[in-house]
Amino acid sequence: MTGTATARATGMSQSKLSKIENGMLLPSVTDVERLVAELAAARETRIELVELARSLHAEAETRRVVLHRGAHRHQQTISRVEARAATSRFFQVNLVPALLQSEPYLRIVLGTMPHSEQEAAVAALRTRRSRMDDLAKQFVFVLSESALRWRMGSAELMAEQVEHLAAIQRRPNVRLAVVPWSADANVVALHGFHIYDERVVTVSVLTGNATITDPLDVREYLALFGRLERLAVRGEELQALLKRIAEDHRRLG
């Protein structure tokens, strides 16, 4: 049976069939069902190929990394993910996580946006923050010390932001830890990331925000988060560090 005849019999274009034959296009389950039927494949072969198509599509969907553009759209997407998550974990290298940002700090972060987009992003973030009042949900934050020393505004703004963290960490469902500069880290963390339960990871890049759902990738991020958390200080040691950083900002002016 020629390729032209097969394409006609299965309702495909000849170019599509050629791409499938040459491994340039993953056929849908329906495509495979039509092909094995028209080509009179044996029953065992039909079952094997249809199941293979199903598993490949499941893997392709799982491995997909979705890039969202625009802060407002990202806030809406993350808000839906957070609404379902029992435990949300956050790691940041050079920025305070959005849920922990004071209003003045947030305005600096969103400063380059048009006013309408900025207001939409602020509104979406307020919705996300309201979920922190749900004591059934856990929020775990690990920051590098550099995230608190990276100047995003005036010295007073930064000092107030650090003090804002000290207040938020008193919430019973919030765990805050900071990896100090003095820590012998020996861990490579190329960028910040957020993990929602054991299901979803989000990573912010310059031109958008990536959503990762592959279980193997999520486990890697969970393992990295665990290593970073073990390096961090908390409790009275953290309070002393936060106080020192706030004083440094005010002193340096």
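These figures come from a predicted structure and were not determined experimentally.

Visitor: Outline the domain arrangement of the chain, listing residues and values.
Guide: We note that the domain assignment places domain 1 (3-63) and domain 2 (65-251) within the chain. The centre of domain 1, based on its C-alpha atoms, is set 45 Å off from the matching centre of domain 2.

Visitor: Let's hear about helix H7 (residues 115-130): which residues, and what values?
Guide: In this model, H7 (16 residues) spans 23 Å end to end at C-alpha, consistent with the 22 Å of a helix rising 1.5 Å per residue. When we look at burial in H7, the residues that qualify are Gln-118, Ala-121, Val-122, Ala-124, Leu-125, Arg-128 and Arg-129.

Visitor: Which residues make up the packing of aromatic side chains, and what are the values?
Guide: The final tally for this structure, using the stated rule, is five aromatic pairs. Consider the rings of Phe-90 and Tyr-196, whose centres lie 6.0 Å apart with planes at 90 degrees: the pair is edge-to-face. Taken together, the residues span a long stretch of sequence, with Phe-90 in strand S2 (residues 87-92) and Tyr-196 in strand S5 (residues 193-196) at a distance of 106 residues. Residue classification places Phe-90 among the buried positions, given a relative accessible area of 1%. On the basis of an interplanar angle of 45 degrees and a centroid distance of 5.6 Å, the ring pair of Phe-91 and Phe-193 is categorised as tilted. Taken together, the positions of Phe-91 in strand S2 and Phe-193 in strand S5 put the pair 102 residues apart, joining distant regions of the chain. The pair formed by Phe-91 and Phe-193 is uniform in burial state, with each residue classed as buried. Here a set of aromatic residues connected by ring pairs shows up, and it is made of Phe-91, Phe-193, Tyr-221 and Phe-225. The aromatic ring of Trp-181 is capped on one face by Arg-149, whose charged end is 5.0 Å from the ring centroid.

Visitor: Let's hear about the pattern of salt bridges: which residues, and what values?
Guide: Enumeration over the complete set of coordinates arrives at 16 salt bridges. The shortest N-O distance in the salt bridge between Arg-175 and Glu-229 comes to 2.9 Å. Placement of the pair is Arg-175 in strand S4 (residues 174-179) and Glu-229 in helix H10 (residues 215-231), with a sequence separation of 54 residues. Linking Arg-251 and Asp-248 is a salt bridge whose minimum nitrogen-to-oxygen distance equals 2.7 Å. Separated by three residues within a single helix, Arg-251 and Asp-248 lie in helix H11 (residues 235-252), roughly one turn from each other. Among the residues examined, Asp-248 registers a relative accessible area of 13% and is labelled buried. Several salt bridges share partner residues, and in doing so they unite Glu-103, Arg-107, Glu-119 and Arg-126 into one network.

About the criteria used
- Residues numbered from 1 in each chain as written.
- Predicted model: local features only at pLDDT ≥ 70, side-chain atom pairs only at ≥ 80, totals over all residues.
- Heavy atoms only, no water.
- Domains from an automatic or database assignment.
- Helix = DSSP H or I, 4+ residues; strand = E, 2+ residues; numbered from the N terminus.
- Expected span 1.5 Å × (residues − 1).
- Buried < 20%, exposed > 50% of the residue type's maximum accessible area, 1.4 Å probe, protein only.
- Phe/Tyr/Trp six-rings, centres within 6.5 Å; stacked < 30°, edge-to-face > 60°.
- Lys NZ or Arg CZ within 6 Å of the ring centre and 35° of its normal.
- Salt bridge = Lys/Arg side-chain N within 4 Å of Asp/Glu carboxyl O.

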